[in-house]
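An overview of the molecular structure
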Amino acid sequence: MDYYKHPNAIVESNEIGSGTRVWAFAHILPGASIGADCNICDHVFIENDVVVGNRVTIKSGVQLWDGVLLEDDVFVGPNATFTNDMFPRSKKYPAKWMKTVIKKGASIGANATILPGVTVGCNAMVGAGSVVTRNVPQDAVVVGNPAVIKKYVDTAGIRILGGPFGQSNPRTLQSKVRGVKVISLSSYEDIRGSLLVAEYSKQLPFIPKRVFFVYDVPSREVRGEHAHKALEQLMVCIHGECSILLDDGKIREELRLDSKDIAIYVPSMVWSVQYKYSSDAVLMVMASDVYDSEDYIREYETFLSLVKK
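Residues numbered from 1 in each chain as written. Predicted model: local features only at pLDDT ≥ 70, side-chain atom pairs only at ≥ 80, totals over all residues. Heavy atoms only, no water.

Topic: the sheet that holds strand 4 (residues 21–22)
Read across the sheet, nine strands follow the order 1-4-7-10-13-16-19-21-22 without closing on themselves; strand pairing throughout is mixed. The two strands at the open ends of the sheet, each matched to only one other strand, are strand 1 (4–5) and strand 22 (148–152). Across two bridges, the pairing between strand 1 and strand 4 is parallel. Counterpart to Lys5 in the pairing with strand 4 is Val22. (Pairing = 2+ DSSP bridges. Helix = DSSP H or I, 4+ residues; strand = E, 2+ residues; numbered from the N terminus.)

Observations concerning the pattern of salt bridges
What the rule picks out here adds up to twelve salt bridges. Close ionic contact of Glu221 with Arg134 constitutes a salt bridge, the shortest N to O distance being 3.3 Å. Residue Glu221 is located in the loop between strand 28 (210–215) and strand 29 (223–228), and its partner Arg134 is located in the loop between strand 20 (131–132) and strand 21 (140–143); the two are separated by 87 residues in the primary sequence. For Glu221, a relative accessible area of 26% gives the class partly exposed. Three or more residues joined by partner-sharing salt bridges are found here, namely Arg55, Asp72 and Asp73. (Salt bridge = Lys/Arg side-chain N within 4 Å of Asp/Glu carboxyl O. Buried < 20%, exposed > 50% of the residue type's maximum accessible area, 1.4 Å probe, protein only.)

Some points on the pairing of strand 30 (residues 233–239)
For strand 30, the buried fraction is high: five of the seven residues fall into the buried class. As paired elements, strand 30 and strand 33 (residues 262–266) share four bridges and run antiparallel to each other. Bridge assignment links Met235 to a residue of strand 33, and that residue is Ile264.

Quick look at a nonpolar patch on the surface
Where nonpolar side chains cluster on the molecular surface, the patch consists of Met86, Phe87 and Met98 and spans about 330 Å² of accessible area. Tracing the sequence through the fold places Met98 in the loop between strand 14 (81–82) and strand 15 (100–102). (Patch = residues over 30% accessible without salt bridge, like charges linked within 9 Å, V, L, I, M, F, W, Y side chains within 5 Å. Areas by Shrake-Rupley, 256 points an atom, 1.4 Å probe, with all protein chains shown as cover.)

Some words on the pairing of strand 26 (residues 186–190)
One ladder, built from five bridges, connects strand 26 with strand 27 (residues 193–197); its direction is antiparallel. Residue pairing across strands places Asp190 opposite Gly193, the latter belonging to strand 27. Linking two consecutive strands that pair antiparallel, namely strand 26 and strand 27, is a turn of two residues.

Comments concerning the nonpolar core
By size, the foremost hydrophobic cluster in this structure holds 50 residues, and its most contacted members are Ile46, Ile58, Leu64 and Leu70. Secondary-structure elements contributing two or more residues to this core are strand 12 (68–70), strand 21, strand 22, strand 34 (271–275) and helix 1 (300–308). Ranked by residue count, the leading element in this core is strand 34, at three residues. When residues no more than four places from it in sequence are discounted, the contact partners of Leu70 are Val51, Val52, Gly53, Val56, Ile58, Leu64, Val76, Phe82 and Ile102. Core analysis: the second largest hydrophobic core is formed by 21 residues, Val180, Val266, Val270 and Tyr277 among them. (Core = buried A, V, L, I, M, F, W, Y, C linked by side-chain atoms within 4.5 Å. Contact = heavy atoms within 4.5 Å.)

Comments concerning the side chain of Ser259
Positionally, Ser259 belongs in the loop between strand 32 (252–257) and strand 33. A polar contact of 2.5 Å, which involves the side chain of Ser259, links it to the side chain of Asp261. (Polar contact = N/O pair within 3.5 Å; in protein donor to acceptor, adjacent residues only side chain to side chain.)

Overview of the sheet that holds strand 18 (residues 119–120)
Judged by pairing direction, the sheet is parallel, and its six strands sit side by side in the order 3-6-9-12-15-18 without closing on themselves. Where the open sheet ends on each side, the last strands, each with one partner, are strand 3 (15–16) and strand 18. Relative to strand 18, strand 15 runs parallel, the two being bridged by two bridges. Residue Ile102 lies in a different strand from strand 18, and its bridge partner there is Val120.

So, the packing of aromatic side chains
Enumeration over the complete set of coordinates arrives at nine aromatic pairs. Seen in terms of ring centroids, Phe206 and Tyr265 are 6.3 Å apart; in terms of plane orientation they differ by 45 degrees. Their pairing is tilted. Taken together, the residues Phe206 in the loop between strand 27 and strand 28 and Tyr265 in strand 33 connect sequence positions 59 residues apart. Aromatic pair Trp271 and Tyr300: ring centres 5.3 Å apart, planes at 85 degrees, arrangement edge-to-face. Placement of the pair is Trp271 in strand 34 and Tyr300 in helix 1, with a sequence separation of 29 residues. Aromatic ring contacts, followed pair by pair, group Trp271, Tyr300 and Phe303 into a single cluster. The ring of Tyr4 carries Arg21 above its face, with NZ or CZ at 4.9 Å from the centroid. (Phe/Tyr/Trp six-rings, centres within 6.5 Å; stacked < 30°, edge-to-face > 60°. Lys NZ or Arg CZ within 6 Å of the ring centre and 35° of its normal.)

Here's what the structure looks like:
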């Protein structure tokens, strides 16, 4: 046996990786699979149809029921609760247990509850006491009941882009993310109302072939979560405010759009997420080409692999 088992632990499985440590009063059933270099603390119970990857930490008081998969480097805080049946009844069992997946590097805070069928993305963080009812995107930080996205991990900071830059001297600022630009638009206001102007070559970096508007988005909802192979976009929050998360595969930055005369230029091969919408937000997006489903990159891991190439 090349793993450590406390004398008061019960380990019935033969699939325990080397270097793993199983502490007192933990109980692992025969069908479970545990990877290498894991730390399974006191009073942890692991059922049969459970897979635990390498270097996983499971703190005290956690039960992993049938259908749970923890990928490599996952952290599960004390007394976090996993479930596998949306409508449980005594002595009545579903034909198949729902699958719950915690992806590589994710962390589950103490006393959090994870509903069945949920996937928590790579490197995401679930706050202590949160109730996760829906899938959590990669790198998202979620808190509350029900859990909502508050931010993303490892951002280069949040920049609030507000206030007029000045009509007589429009200027372009460089974002920290490759190719992204913050552009000031020409805004005119008088007693008759307001006028917002954007001209090609002066403010618009391309001639738009498509324009769409995003509005009436509940504050907890997240839009975007993709990159484009060739398409360029210009985003303007013409009413209210919202946040744009931008990621070039090396640097991640969050920009807060709260002024109608500020635009964000998003080039191709930059991952973009829009969230934290105010109730009155209207986001206008100009695109350099017509809609093409083949131009979308919808999986972050695929995006990273393409960036490396």
